[in-house]
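# Notes for the structure review
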Amino acid sequence: MDGGTREQAQLTLDVDADVRTAFTWNTKQLYVFVAAEYSTPERPSNKVILWDEVLNSKEEGLFRLRARRSDYPLVDPYNGLKGNDVKLTFGYCVMPYNGNIFVNTTASHVVTFPTEYI
């Protein structure tokens, strides 16, 4: 970045999720997240975590977020958000007691950013 302007968006999220089936005898915890993915001419692949949480029990696996402000802003140093399509994805990583960690994405939604900001 050369000291120019950048775009930053703080999103409000609504999420209904049930990841209880991901908890098995070998699941230590789940890392759940909402990520934003988009492309720009300067950077064809951009992926940013907007919200995340660690779940330690099956009982925590059923949850609902309403009007939850994202934990982390979506920042593009090259002004690539205006008018761009951004894919929001909910997913989780299973962290087992024994074996490999794996990632599962369960839902996605595409939003188009405005071409002008207020």
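Nothing here was measured: the structure is a model prediction, and the numbers come from that model. (Residues numbered from 1 in each chain as written. Predicted model: local features only at pLDDT ≥ 70, side-chain atom pairs only at ≥ 80, totals over all residues. Heavy atoms only, no water.)

## Re the side chain of threonine 27
Take threonine 27: it is sitting in strand β3 (residues 27–38). With a relative accessible area of 7%, threonine 27 lands in the buried category. Looking at threonine 27, its side chain comes within polar contact range of the main-chain oxygen of alanine 22, at 3.0 Å. Within the structure, the side chain of threonine 27 is placed 3.0 Å from the backbone nitrogen of threonine 24, a separation counted as a polar contact. Excluding residues within four positions of it along the chain, threonine 27 makes contact with Ala22, Val94, Met95, Pro96 and Tyr97. (Helix = DSSP H or I, 4+ residues; strand = E, 2+ residues; numbered from the N terminus. Buried < 20%, exposed > 50% of the residue type's maximum accessible area, 1.4 Å probe, protein only. Polar contact = N/O pair within 3.5 Å; in protein donor to acceptor, adjacent residues only side chain to side chain. Contact = heavy atoms within 4.5 Å.)

## What about the pattern of salt bridges?
The final tally for this structure, using the stated rule, is four salt bridges. The partner of aspartate 16 in a salt bridge is arginine 64, with the nearest N and O atoms 2.7 Å apart. Placement of aspartate 16 in strand β2 (residues 12–18) and of arginine 64 in strand β5 (residues 62–69) is noted, with a sequence separation of 48 residues between them. The class for aspartate 16 is partly exposed, based on a relative accessible area of 49%. A salt bridge links aspartate 16 to arginine 66; the shortest N-O distance between them is 2.8 Å. In this pair, aspartate 16 sits in strand β2 while arginine 66 sits in strand β5, placing the two residues 50 residues apart along the sequence. You can call arginine 66 partly exposed: its relative accessible area is 42%. Taken together, the shared-partner salt bridges in this structure form one network comprising Asp16, Arg64 and Arg66. (Salt bridge = Lys/Arg side-chain N within 4 Å of Asp/Glu carboxyl O.)

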